Amino acid sequence: MSYQVPVSDILHTMTHIVGGCDGEGSVPDLADGTVPTVVEEAGRFARDIMLPLDRVGDRVGISFSDGSVTTAPGWPEAYRRWVDAGWNGLSAPVEYGGQGLSLLTQAACSEIWSGANLAFSLCPLLTASAIEALAEHGDSAMQQRYLPKLVSGVWTGTMNMTEPQAGSDLSTLRTRAERADDGAFRITGQKIFISYGEHDLAQNIVHLVLARLPDAAPGSRGISLFLVPKFLVNPDGSVGERNDLLCTGIERKLGMHAAPTCTMQFGQNGGATGYLIGQEGRGLNAMFTMMNQARLAVGLEGVGAAERATQQAIRYARERRQGRAPGDTGPEASPIIRHPDVARMCLTMRALTAAARALCYLTAHALDTARTAIEPAERFAAADRAALLTPVAKAFSTDVANEVASMNVQVHGGMGYIEEAGAAQVMRDIRIAAIYEGTNGIQALDLVGRKLGQNDGAAFDREVSAIRRTTERVKAFNGPGFGASAVRLSSAIDAVEQAAAFLRDGLRTAPGQAIAGASPFLRLFGLTRGSAALADGALGSGSQRRIALCRFFAEQLLPAAPGLAMTIVEGAGDVADWQAILGEI
């Protein structure tokens with residue numbers, strides 16, 4: 001179950017992949033030497049505090065009684081230490097007590113914490129997203145009252161979207177908000193699948209709740225966002241009386257046993273007091289500020305889990321001896337990593353994890369640049385890039401995590417199926433990441449339906465140009481090692497452009513065909529962008545190990561690109577004819 005913080009890989013990605021294109025000076029916290037110290041300290045907290053509680057949380061889980069959730073032994077104390085160490089406000093605004101570091105630095109730490117203890121790290125993830133939404137859309141009084149406590153971690157945050165009849169389709173939400181004489185609102189309704197909706201870690205829980213006003217327009221346009229605290233807050237900022245909301249149950253899940261997933265009931269006794277965030281009827285705009293932050297964070301959950309699974313597999317494959325590998329002549333059985341199929345799996349895990357990390361860090365850097373760049377045009381282009389990459393970072397990285405976690409079990413063989421080995425827990429815990437914060441299919445629809453053509457496709461075209469520049473740099477590299485990387489990358493970006501042209505045309509003429517190709521296109525784009533990122537890192541560092549990893553990815557994984565393009569361009573009819581195989585409804 002041990003996990004070593006991959007400091008070298010993290011700093012390599014930040015310096016040579018993210019910073020390599022624009023120079024270290026454009027990467028906040030990197031040029032002044034802040035990053036290595038923060039990463040080392042985050043790793044120490046992960047190793048000493050979070051990691052030892054991971055197995056405890058999985059085995060003991062949580063308990064529920066009379067509306068209250070009790071977390072696993074040691075968790076409240078660990079959370080207090082988290083707050084005392086100041087980790088909750090790493091990238092939060094300085095004016096509310098945060099440290100104001102970059103989202104890129106936050107991304108590196110989020111990966112580390114997810115690798116050490118996925119269930120624990122989910123709670124701060126949600127709080128960080130709530131902070132983002134309030135900082136962007138809350139009024140001054142709300143920000144002054146709630147943000148300092150959320151930034152410190154003394155209070156935690158949640159997002160309340162899903163209802164029994166409304167999973168991903170938010171237009172069918174039924175939770176109601178009634179205007180009250182005191183200027184607040186009274187919230188009534190039920191929400192399900194609310195992560196950390198109730199727990200014993202923090203003094204107060206600040207719920208961000210989607211609801212409808214009586215005169216709201218139908219569909220998603222009529223949804224507003226409200227802040228609904230577990231305990232009302234007194235004028236002096238202290239915690240007051242209990243609000244009219246209650247956790248009525250928790251879910252028993254495949255994984256993430258230590259993270260409470262709650263059913264929340266609002267307004268059993270007249271209505272929970274809530275406060276409007278932003279404008280009436282514009283709740284989804286505010287919520288998506290929170291969601292986009294969370295989607296990148298979930299992608300980083302995937303990176304952390306994939307890194308942990310990769311480490312487990314490589315460690316076991318080096319230690320486990322069985323059979324005689326080709327070329328081995330010694331008296332003992334060979335370490336299984338010397339068997340080509342096992343080596344192939346371990347290399348695939350390492351390569352996919354590195355590509356996922358690069359995609360997430362590039363997205364975080366784009367978000368940073370959109371906030372801090374001096375020139376408006378640079379901020380706009382960076383925001384455009386972040387919007388394009390966010391669904392890819394979330395979906396590609398969590399798909400990779402599920403694949404890598406499964407390969408980890410396979411490398412372990414029969415032991416992987418046994419809980420004590422630890423591989424099964426990683427596989428169980430990370431499975432949800434491809435589902436929550438918008439399923440990966442929804443991310444693909446967002447990429448193809450919205451982001452591919454935004455601003456006349458400018459962000460996508462810039463990304464294609466960047467990949468082609470990388471391809472030319474690989475071709476011009478004066479030294480051995482890259483093999484067919486440039487050829488494979490060139491073929492892949494051709495496939496991306498071919499598929500994108502088909503999809504853009506299809507959205508105008510045959511939307512069903514375009515939608516059918518959305519998930520394969522996200523995979524195609526993720527593989528190609530990830531491969532180019534690994535090439536940038538290899539070129540920047542000159543490391544033979546990085547070059548070999550780039551070559552493995554390009555020659556072993558990237559050949560899937562033309563086939564994915566073929567699926568997109570020629571396979572839509574197969575999906576449309578689903579009834580011929582699956583039968584009538």
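Owing to the predicted nature of the structure, the values given are computational and were not obtained by experimental measurement. (Residues numbered from 1 in each chain as written. Predicted model: local features only at pLDDT ≥ 70, side-chain atom pairs only at ≥ 80, totals over all residues. Heavy atoms only, no water.)

With that settled, the discussion passes to the environment of Tyr316. For Tyr316, the position within the fold is in helix H7 (residues 283-319). A relative accessible area of 18% means that Tyr316 is categorised as buried. Put simply, Tyr316 and Leu389 are 73 residues apart on the chain and 34 Å apart in space, counted from C-alpha to C-alpha. What Tyr316 contacts, discounting residues up to four positions off in sequence, is Ile336, Val411, His412 and Met415. (Helix = DSSP H or I, 4+ residues; strand = E, 2+ residues; numbered from the N terminus. Buried < 20%, exposed > 50% of the residue type's maximum accessible area, 1.4 Å probe, protein only. Contact = heavy atoms within 4.5 Å.)

All right, on to the packing of aromatic side chains then. Remark: the centre distance and the inter-plane angle together describe each pair of aromatic rings, the angle taken between the planes. Within this structure, the stated rule accounts for twelve aromatic pairs. Against the face of Phe231 rests Arg242, its NZ or CZ located 5.6 Å from the ring centre. (Phe/Tyr/Trp six-rings, centres within 6.5 Å; stacked < 30°, edge-to-face > 60°. Lys NZ or Arg CZ within 6 Å of the ring centre and 35° of its normal.)

One pass over the structure, following the stated rule, counts 33 salt bridges. The residue Glu198 makes a salt bridge to Lys230 at a minimum N-O spacing of 3.0 Å. Highlighted residues: Glu198 in the loop between strand S5 (185-195) and strand S6 (204-212) and Lys230 in the loop between strand S7 (223-229) and strand S8 (231-233), separated in sequence by 32 residues. There is no split in this pair, since Glu198 and Lys230 are both buried. For Asp446, the salt bridge identified is with Lys451, shortest N-O distance 2.8 Å. One exposure class covers both Asp446 and Lys451, and it is buried. Members of the salt-bridge network, linked through shared partners, are Glu111, Glu307, Arg350 and Arg357. (Salt bridge = Lys/Arg side-chain N within 4 Å of Asp/Glu carboxyl O.)

As for its placement among the helices and strands, Arg55 is situated in helix H2 (residues 34-60). This buried residue, Arg55, is left without a salt bridge; Asp58 holds the nearest opposite charge, at 5.0 Å. Polar side-chain contacts of Arg55 include one of 3.4 Å to the backbone oxygen of Glu419. (Lys, Arg positive; Asp, Glu negative; His and termini not counted. Polar contact = N/O pair within 3.5 Å; in protein donor to acceptor, adjacent residues only side chain to side chain.)

Relative to each other, helix H15 (residues 518-541) and helix H16 (residues 544-557) sit at 155°, their axes nearing to 8 Å. One finds that H15 runs roughly antiparallel with respect to H16. Crossing geometry of H15 relative to H16 is assigned as left-handed. Along its contact with H15, which presents Leu527, Ser531, Leu534, Ala535, Ala538 and Ser541, the element H16 presents Arg546, Ile547, Cys550, Phe553, Ala554 and Leu557. The residue inventory of the contact of H15 with H16, partitioned by class, reads nine nonpolar, two polar and one charged. (Axes fitted to C-alpha atoms, helices over the stretch in contact; angles between N-to-C directions. Parallel < 35°, antiparallel > 145°, perpendicular 65-115°, else oblique. Left-handed = near helix turned anticlockwise from the far one by under 90°. Nonpolar A, V, L, I, M, F, W, Y, C, P; charged D, E, K, R; others polar.)

Let us look at unusual backbone geometry. Of note in this structure, Phe193 is not a glycine but carries a positive phi near 60°. Of note, Phe193 is situated in strand S5. The backbone of Met256 sits at a positive phi, close to 50°, despite the residue not being glycine. Relative to the elements of secondary structure, Met256 occurs in the loop between strand S10 (245-250) and strand S11 (261-266).

Another aspect to go through is the environment of Thr15. You can see Thr15 is positioned in helix H1 (residues 7-22). Under the relative-accessibility criterion, Thr15 is labelled buried at 18%. A sequence separation of 203 residues divides Thr15 from Pro218, and the C-alpha atoms of the two residues are 48 Å apart.

With that out of the way, let us pick up the environment of Thr310. Its location among the elements puts Thr310 in helix H7. On the accessibility criterion, Thr310 (0% relative accessible area) is buried. Those residues in contact with Thr310 that lie beyond four places of it in its chain are Met349, Arg350, Thr353 and Val404.

Our focus in this paragraph is the pairing of S6. Of all nine residues in S6, nine are buried, a share of seventy percent or more. The alternating pattern of S6 places Asn204, Val206, Leu208, Leu210 and Arg212 and Ile205, His207, Val209 and Ala211 on opposite faces, both of which are buried. Bridge analysis of S6 against S7 gives seven bridges, and the strand direction is antiparallel. Directly across from His207, in S7, lies its bridge partner Val228. (Pairing = 2+ DSSP bridges.)

In this section: the side chain of Gln143. Looking at where Gln143 falls in the secondary structure, it is placed in helix H6 (residues 140-152). A polar side-chain atom of Gln143 sits 3.0 Å from the main-chain carbonyl oxygen of Leu134. Aside from chain neighbours lying at most four places away, what touches Gln143 is Tyr96, Leu134, Ala135, Gly138 and Pro148.

Moving on, we come to the nonpolar core. Judged by nonpolar contacts, the single largest core of 165 residues is most densely connected at Trp113, Tyr361, Phe521 and Leu524. It is H7 that provides the largest number of residues to this core, a total of 18 residues. Contact partners of Tyr361, with chain neighbours within four places excluded, come to Ile10, Thr13, Met14, Val18, Leu104, Ala107, Ala108, Glu111 and Leu300. In terms of nonpolar packing, the next biggest core, distinct from the first, is built from 18 residues, Ala177, Ala211, Leu213 and Phe266 among them. (Core = buried A, V, L, I, M, F, W, Y, C linked by side-chain atoms within 4.5 Å.)

Of all eight residues in helix H10 (residues 423-430), seven are buried; the element is thus mostly enclosed. Within H10, burial applies to Ala423, Ala424, Gln425, Val426, Arg428, Asp429 and Ile430. Contact partners of the buried residues in H10: H2, helix H5 (118-137), H7 and helix H9 (376-412).

Keep in mind these numbers describe shape, not what the thing actually does.
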